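Spelled out from the first residue to the last, the chains are:
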Amino acid sequence: MTDTLHTPPPTAAAHHERPFTRDPGRWEKERSRALRTGHIRDHTCSAACEPVLVHERTLWGWLAWTVPGDGSPPAIPHQIGVLTPGATRLQRLALCWLTRRPAQRIAVDTVPGSLRFAAAAIALISLLSGLFAIRHGVPLDVALPAMLLAPLLAEPLPDLLDARAREHVCMVEGDVACRYLQRLAVLQTFLVQAAAGSDRYELRRSAEVGQGLLWDAADLLQTRDTRLASADLIARERLMLQLAHQVAQILKRTAEDGTAGANQASDPGRPLGPYPPCPRPTTHPAARHAPNPPLQKGTLPNFARSAR
């Protein structure tokens, strides 16, 4: 194993070192929203605290960041989610669903806990719709069950959808596990971005293989201790580093070929196309060379004589 396989390519090193590396303004917007709407992480936090998470979606999954109280961006994600390899379009909706903003809740004094704002809105809408239906002749035994079932289903339905969506995502939490998976996420982002801008099979295949390796690493970190799974994790990281360096070499050769082609196209010494039509040179008929007289028998041209 060469030494170059121990470090990621320079083009991949900047990914995910901080939240929204490619869009710093997005982090400031999300941080301002978190300060207004939720609990940020500071020195008063305990294990029971649930700080606001800012989700950064990627093509392979997401990174969930906390918002430190001192205003500095976090260096380690609080949570990393990896989408299943070969995910369909429907399965990719699980990524959008699980990274949605937290639901707003309404505290009810007479009932322990809280009620989702969406459930309260659905209850109000079902009540108005039921009264409207009864007024226009719908039987009460039909309208009343619908009025009661709509708000009852609206409260547990998001939890059921969450459980179904998690079947297609592997989530990792904890500083040690997230720090390790963060390194692999940097490489996978590099592979995915290289494949997204090209139609070459090698790049697309590298991104597919990297997604499988990232999924396996997330599964190992989720189900086993980091020390026990260190050998398997190192093997997958080496494979991802090999993929990243192969992709970097392909991109480098492609860039060099493109530069060479552009230099050849702009070379003034080479014609860029067929010559334009030009008028034939006009010469006086008398200036044209007269045809050589036919050779007589027994005579040879000058060059034949000199050859003798």
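Above this note sits the structure.
In short, a report on the structure. (Residues numbered from 1 in each chain as written. Predicted model: local features only at pLDDT ≥ 70, side-chain atom pairs only at ≥ 80, totals over all residues. Heavy atoms only, no water.)

## Overview of helix H7 (residues 201-223)
With 23 residues, H7 should reach 33 Å at 1.5 Å per residue; the first-to-last C-alpha distance of 33 Å fits that figure. For H7, the full list of buried residues reads Leu203, Ser206, Ala207, Gly210, Gln211, Gly212, Leu213, Leu214, Ala217, Ala218, Leu220 and Leu221. (Helix = DSSP H or I, 4+ residues; strand = E, 2+ residues; numbered from the N terminus. Expected span 1.5 Å × (residues − 1). Buried < 20%, exposed > 50% of the residue type's maximum accessible area, 1.4 Å probe, protein only.)

## A short note on a nonpolar patch on the surface
Residues Leu124, Leu127, Leu128, Leu131, Ile134, Leu140, Leu144, Leu148, Leu149, Leu152 and Leu153 make up a contiguous nonpolar surface patch of about 1000 Å² in total accessible area. Counting residues per element, the nonpolar patch draws most heavily on helix H4 (residues 140-154), which supplies six residues. Mapping Leu144 onto the fold places it in helix H4. (Patch = residues over 30% accessible without salt bridge, like charges linked within 9 Å, V, L, I, M, F, W, Y side chains within 5 Å. Areas by Shrake-Rupley, 256 points an atom, 1.4 Å probe, with all protein chains shown as cover. Salt bridge = Lys/Arg side-chain N within 4 Å of Asp/Glu carboxyl O.)

## Some remarks on the pairing of strand E2 (residues 61-66)
Each regular strand displays side chains that alternate between the two surfaces of the sheet. Within E2, six of the six residues are buried, which leaves the element mostly enclosed by the surrounding structure. In E2, alternate side chains face the same way, and those of Gly61, Leu63 and Trp65 on one face and Trp62, Ala64 and Thr66 on the other are all buried. Adjacent in sequence and paired antiparallel, strand E1 (residues 53-57) and E2 are bridged by three residues. By the bridge criterion, four bridges tie E2 to strand E3 (residues 79-83) in an arrangement that is antiparallel. Across the sheet, the residue bridging to Trp62 is Gly81, located in E3. (Pairing = 2+ DSSP bridges.)

## A closer look at the pattern of salt bridges
Overall, the coordinates contain eight salt bridges when judged by the stated rule. Between Glu30 and Arg33 there is a salt bridge, with the nearest N and O atoms lying 3.1 Å from each other. In this pair, Glu30 and Arg33 are both assigned in helix H1 (residues 24-37), three residues apart and thus about one turn of the helix distant. Just as Glu30 is buried, Arg33 falls in that class too. Residues joined in a network through salt bridges with shared partners are Arg26, Glu30 and Arg33.

## Some words on the sheet that holds E3
The strand order E1-E2-E3-E6 describes an open sheet built from four strands, whose pairing is antiparallel. With one partner strand each, in any of the chains shown, E1 and strand E6 (169-173) form the two edges of the open sheet. If you compare each strand with its neighbour and ignore which way they point, the axes differ by 20° on average. One ladder, built from five bridges, connects E1 with E2; its direction is antiparallel. When the sheet's bridge partners are listed, Val54 is paired in E2 with Trp65. Against the sheet, H7 makes contact with E3 and E6, and its axis sits at roughly 50° relative to E6, the strand it touches most. (Axes fitted to C-alpha atoms, helices over the stretch in contact; angles between N-to-C directions. Contact = heavy atoms within 4.5 Å.)

## Some details on the packing of helix H6 (residues 175-196) against H7
Packed helix pairs are specified by the crossing angle of their axes together with the interaxial distance, meaning the distance between the axes. Put simply, H6 and H7 touch, their axes get as near as 8 Å, and they point 165° apart. Taken together, the axis directions place H6 and H7 in an arrangement best described as roughly antiparallel. Crossing of H6 over H7 shows left-handed handedness. Residue-level inspection shows Ala177, Tyr180, Leu181, Leu184, Ala185, Gln188, Leu191, Val192, Ala194 and Ala195 of H6 in contact with H7, the latter providing Leu203, Arg204, Ser206, Ala207, Gly210, Gln211, Leu214, Ala217, Ala218 and Leu221. Residues belonging to the contact of H6 with H7 are distributed by class as follows: 15 nonpolar, four polar and one charged. (Parallel < 35°, antiparallel > 145°, perpendicular 65-115°, else oblique. Left-handed = near helix turned anticlockwise from the far one by under 90°. Nonpolar A, V, L, I, M, F, W, Y, C, P; charged D, E, K, R; others polar.)

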